[in-house]
Amino acid sequence: MAVYPHLQLVLLLLLLLPSKPKATSSALLGISYGRVGNNLPPATSVPQILASLGVGRVRLYDADATTVRAFANTGIELVVGVPDECLAAVSTPAGAADWVRSNIQPALPATKIALLTVGNEVLTGANSSSLSRYLLPAMQCLHDAIAQAGLGKQVAVTTAHNLGVLATSYPPSSAYFRKDLLPVLCPILDFHARAGSPFLVNAYPYFAYAGDPAGVELDYALLQPGYAGVAEPGTGLHYNNMLGAQVDAVYHAIAAANSAAARAVEVWVSETGWPSAGDANETGATPQNAARYNGNVMRLVAQGKGTPLRPAVPLRVYMFALFNENMKPGPTSERNYGLFKPDGTPAYELSYRLPQDNTTSSSGGGGGIYGTGVYNGHGDGSGGGGYYSISAAGKAAMGLVDMVDTCSCDSMCGCPADGIVTEQVKWCLDGSLWLLMVSEFR
């Protein structure tokens, strides 16, 4: 079978298409830096604290200029939040352009900003009825504003969801999104596939355990390495920790809602953590459990492995949170998720320490929002072009391809799922979605 003419066509098309944002490191672990407290250390002290952890990525929940500026020239890579209260304003082209011009452009290039998260848990939050209609327009307008500012290769756009967007999550293969949210989530998935940005989810095994301590094994929720695990009856896959099961539940829900997007969209964990203290009815909120959980998250991510459903896609996680925040409302646990106390001392001793190659200053080329391929534990990734690159398609073309086809559609929700598709590289060209499908006759 002659594949070279088709390979030439692939390469020709790729030359005409926009490139993905370039990577800045292969580190897979980050941490959330919330500031809902009146006794927190100055932002300028945070880079040194992060260095003690070996973490080189940080998620912020707003674009406070002083905080963003504190990370200038540190090599630390930021996820910058667009607060919920800004969604209406940035849901227009003019408003989004003004926000990018005021909050993002002044910080570059001294500060590395790789991702914008538009709102946090908008679809399931207290203000979901008033904010949900702004979410996708805001994401689209900010994406366009970033591109028009010449930053499309640096900064991607997404939003973070609560696991409450799922109608059911167990077993993972049976997971699906809430039906009332599908009219919003389906076009959001379409956006992610066009833009090449990850689907973010805040996933907390703690809540599952605290809600049913008699029915959920503590070691399973804590990600303990020695736990035997459970078999998934629908797929036969084996899960030895709950976080992997939660991530795979999201993958299955994406596939159920939009089979075409499922081939293209990667799931990241934008928050996960365990409180070190809680009220009397908050089972399991102890320093010992928090140390085990967060240490095990570090260990799991440092291994560079994926989930049972997506073993070749390294798990990417942002731990929650850097500090205990004394002004957060709600139960006691809400104010005790920090790895550090406000004075900068550890809230507890972690059971695991990251190797110092997790920071974004490691010598490996590439990384950023798109990574560099399979993490190899040395901070430089395996060669190739990242999570959404041509590399997989190129390998397929050398041995599997019988035909190369292209199709376009206004929404991936309307694209037929073709069982013969083995690999897919997506690109956004002049606002239209082009799917370059590397296929195999069966």
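Quick summary incoming for the structure in this document. (Residues numbered from 1 in each chain as written. Predicted model: local features only at pLDDT ≥ 70, side-chain atom pairs only at ≥ 80, totals over all residues. Heavy atoms only, no water.)

Concerning the packing of helix H5 (residues 93-103) against helix H6 (residues 128-148)
Convention followed: Axis definition: a line fitted to C-alpha atoms, over the contacting stretch in the case of helices. Angles run 0 to 180 degrees between N-to-C directions. Under the scheme used here, helices are H or I runs from DSSP no shorter than 4 residues and strands are E runs no shorter than 2 residues, and both carry numbers assigned from the N terminus. In this scheme, roughly parallel covers angles under 35 degrees and roughly antiparallel covers those over 145, while 65 to 115 is roughly perpendicular and the rest are oblique. Each crossing gets its handedness from the near helix: less than a right angle anticlockwise from the far helix is left-handed, clockwise is right-handed. Should any heavy atoms of two residues lie within 4.5 Å, those residues are considered in contact. Gly is put with the polar residues, along with every residue not named as nonpolar or charged; the nonpolar set is Ala, Val, Leu, Ile, Met, Phe, Trp, Tyr, Cys and Pro, and the charged set is Asp, Glu, Lys and Arg.
Here H5 crosses H6 at 55 degrees, and the two axes come no closer than 8 Å. Between H5 and H6, the crossing angle belongs to the class labelled oblique. The crossing of H5 and H6 is right-handed. Packed against H5, whose contacting residues are Pro 93, Ala 96, Ala 97, Trp 99 and Val 100, the element H6 presents Cys 141, Leu 142, Ala 145 and Ile 146 at the interface. Grouping the amino acids of the contact of H5 with H6 by side-chain chemistry returns nine nonpolar, no polar and no charged.

With respect to the pairing of strand E1 (residues 29-32)
Put simply, the rule reads: Burial here depends on accessible area, computed with a 1.4 Å probe over protein chains only, as a share of the maximum for the residue type. Under 20% is buried, over 50% is exposed, and the range in between is partly exposed. Strand pairing is assigned whenever DSSP identifies at least 2 bridges connecting the two strands. Seen with its strands pointing away from the viewer, a crossover is right-handed if its path from the first strand over the helix to the second goes clockwise.
Burial along E1 is two-sided: Leu 29 and Ile 31 facing one way and Gly 30 and Ser 32 facing the other are all buried. Relative to strand E12 (residues 317-319), E1 is paired through three bridges, and the arrangement is parallel. Along E12, the bridge assignment pairs Ile 31 with Met 319. One crossover worth recording links E1 to the parallel strand E2 (residues 57-59) by way of helix H2 (residues 46-53), and it is right-handed.

Here's the deal with the packing of aromatic side chains
Cut-off, in case you're wondering: By convention, a stacked pair of Phe, Tyr or Trp rings (six-membered ring in the case of Trp) has centres within 6.5 Å and planes under 30 degrees apart, an edge-to-face pair has planes over 60 apart, and any other such pair is tilted. Any Lys NZ or Arg CZ found within 6 Å of a ring centre and within 35 degrees of that ring's normal is scored as a charge over the ring.
Applying the stated criterion across every chain, the model contains 12 aromatic pairs. Here the aromatic rings of Tyr 204 and Phe 320 are separated by 6.4 Å at their centres, their planes lie at 75 degrees, and the arrangement is edge-to-face. Taken together, the residues Tyr 204 in the loop between strand E8 (199-202) and helix H8 (205-211) and Phe 320 in the loop between E12 and helix H13 (391-399) connect sequence positions 116 residues apart. One Lys or Arg, Arg 310, reaches over the ring of Tyr 251 and ends 4.2 Å from the middle of that ring.

Considering the pairing of strand E5 (residues 156-162)
Judged by how many residues are buried, E5 sits mostly within the fold: six of seven residues are covered. Where strand E4 (residues 112-120) lies against E5, four bridges are found, and the strand directions are parallel. Across the sheet, the residue bridging to Leu 116 is Val 157, located in E5. In this fold, E4 hands off to H6, which returns the chain to E5; that crossover is right-handed. The pairing of E5 with E8 spans three bridges and is classified as parallel. Within E8, the position partnered with Ala 160 by the bridge is Leu 200.

A word on the side chain of Thr 307
We count it as follows: Two N or O atoms count as a polar contact when they lie within 3.5 Å, although within protein this holds only if one can serve as hydrogen donor and the other as acceptor, and sequence-adjacent residues are included solely when both atoms are side-chain atoms.
With respect to the secondary-structure elements, Thr 307 resides in the loop between helix H12 (287-302) and E12. Overall, Thr 307 belongs to the buried group, its relative accessible area being 5%. Only 2.5 Å separates the side chain of Thr 307 from the side chain of Asp 248, close enough to count as a polar contact. Aside from chain neighbours lying at most four places away, what touches Thr 307 is Gly 244, Val 247, Asp 248, Val 313 and Leu 315.

What about the nonpolar core?
Keep this limit in mind: Buried Ala, Val, Leu, Ile, Met, Phe, Trp, Tyr and Cys residues form a nonpolar core when they are joined through side-chain atoms within 4.5 Å.
Within the largest apolar cluster, 108 residues are counted, with the highest numbers of intra-cluster contacts made by Phe 71, Trp 99, Ile 113 and Leu 322. Dropping the residues within four chain positions of it, Trp 99 is found in contact with Ala 63, Val 80, Gly 81, Val 82, Cys 86, Val 90, Ile 104, Leu 116 and Leu 142. Ranked by size, the runner-up nonpolar core spans seven residues in total, among them Leu 115, Ala 156, Ala 160 and Leu 200.

Description of H5
Heads up, the rule is: Regarding the arc, it is the one traced by the directions from the helix axis to the C-beta atoms.
If you check which residues of H5 are buried, you get Gly 95, Ala 96, Trp 99 and Val 100. Down the axis of H5, the buried side of the element spans an arc of 130 degrees, and every buried residue falls inside it. Set apart from the buried face of H5 by more than 90 degrees, the exposed residues are Pro 93 and Ala 94. Taken together, the buried residues of H5 touch strand E3 (77-82), helix H4 (87-90), E4 and H6.

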